[in-house]
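In case you want the letters, here they are:
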Amino acid sequence: MRATRIGVPLLLVCLMLASGCGAGGPGTEPDPTDPAPTTAVTSPPTTAAPSTSAPTPPSGGVTVSPTPQTPGPPEDLPTGSARPMTLTGTVQPGVEHNCFLLDGYLLVGGPADLVRAGARVRVTGHVQADLMTTCQQGVPFVVQRVEPA
């Protein structure tokens, strides 16, 4: 009697596990009476193709002029970099601490005494749109040279 009480539930568990392990394997048909099939169909997320040209933020009193000495980006610049350019205008504070913007561009680098909120500057550098920053606004602009304007 004791063997029956332990053996029957054990046998049922083994049968359920054995029937569940073979479900969905190669050569098996789905059960038409099963209300919730276990097969999930997923599709890859759709994303926009990355742009290869430098973004052009709106103009607001800032002069943007390309630096003429180089015809194109050197081969050793990181992906997303563009031609060197010069921006002139007044630096605005970003919403995060130590984030500074110049007409939609996030200024990355440069001396802190010149790149500060309210300073009127002429900045030379290049856009690097694929650069990750902690600032949540502006197109990253890697600063190579800064001078008061």
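Bear in mind the structure is a predicted one, so any value in this text is a computation, not a measurement. (Residues numbered from 1 in each chain as written. Predicted model: local features only at pLDDT ≥ 70, side-chain atom pairs only at ≥ 80, totals over all residues. Heavy atoms only, no water.)

*Asks:* How should I be thinking about the overall build of the chain in this particular structure?
*Replies:* Along the backbone of the chain there are 1 helix and 7 strands. Counting every position in the chain, which comprises 149 residues, the buried fraction comes to 25%. Counted over contacts in the chain with a minimum sequence separation of 6, partners at least 24 positions apart contribute 60%. If you sum the accessible surface of the chain, you get close to 10800 Å²; carbon and sulfur atoms cover 61% of it. (Helix = DSSP H or I, 4+ residues; strand = E, 2+ residues; numbered from the N terminus. Buried < 20%, exposed > 50% of the residue type's maximum accessible area, 1.4 Å probe, protein only. Contact = heavy atoms within 4.5 Å. Areas by Shrake-Rupley, 256 points an atom, 1.4 Å probe, with all protein chains shown as cover.)

*Asks:* Explain the state of the cysteines here, please?
*Replies:* Each disulfide consists of a covalent bond between the sulfur atoms of two cysteine residues. Across all of its chains, the model carries 1 disulfide by this definition. Across a sulfur-sulfur distance of 1.8 Å, C99 and C135 are joined as a disulfide pair. Here the S-S torsion is close to -85°, and the disulfide linking C99 with C135 is therefore left-handed. On the criterion of sequence distance, the pair formed by C99 in the loop between β3 (92–93) and β4 (100–102) and C135 in the loop between β6 (120–127) and β7 (139–148) is long-range, its members being 36 residues apart. For C99, a relative accessible area of 2% translates into the label buried. The buried category is assigned to C135, whose relative accessible area is 15%. (Disulfide = S-S within 2.5 Å.)

*Asks:* How should I be thinking about the pattern of salt bridges in this particular structure?
*Replies:* Side chains carrying opposite charge are able to pair once their charged atoms draw close together. The tally for this structure, following the rule as stated, stands at 1 salt bridge. With a shortest N-O distance of 3.0 Å, E147 and R122 are connected by a salt bridge. Placement of the pair is E147 in strand β7 and R122 in strand β6, with a sequence separation of 25 residues. Given a relative accessible area of 30%, E147 falls into the partly exposed group. Judged by relative accessible area, which is 34%, R122 ranks as partly exposed. (Salt bridge = Lys/Arg side-chain N within 4 Å of Asp/Glu carboxyl O.)

*Asks:* Just to check I follow, could you spell out unusual backbone geometry for this structure?
*Replies:* Leave glycine aside and you will find that most residues have negative phi; peptide bonds, for their part, are mostly trans. Even without a glycine there, the phi angle at N98 is positive, about 60°. Tracing the sequence through the fold places N98 in the loop between β3 and β4. On the basis of relative accessibility, which here comes to 56%, the residue N98 falls in the exposed class. With a phi close to 50°, D103 is a non-glycine residue in the positive phi region. One can find D103 in the loop between β4 and β5 (105–108).

*Asks:* Just checking my understanding: could you explain the nonpolar core for this structure?
*Replies:* A general tendency of soluble globular proteins is for nonpolar side chains to be buried together. Counting residues in hydrophobic clusters, the biggest one holds 17 residues, and the most contacted among them are Y105, L107, V121, V123, V127 and F141. For this core, the secondary structure elements donating two or more residues are β2 (85–90), β4, β5, β6 and β7. Sorting elements by how many residues they give to this core places β7 first, with 4 residues. (Core = buried A, V, L, I, M, F, W, Y, C linked by side-chain atoms within 4.5 Å.)

*Asks:* What am I meant to see in the environment of Q136 here?
*Replies:* Its place among the elements puts Q136 in the loop between β6 and β7. C-alpha separation for the pair Q136 and C99, spaced 37 residues apart in sequence, amounts to 8.9 Å.

Purely geometric stuff here, so don't read any function into it on its own.
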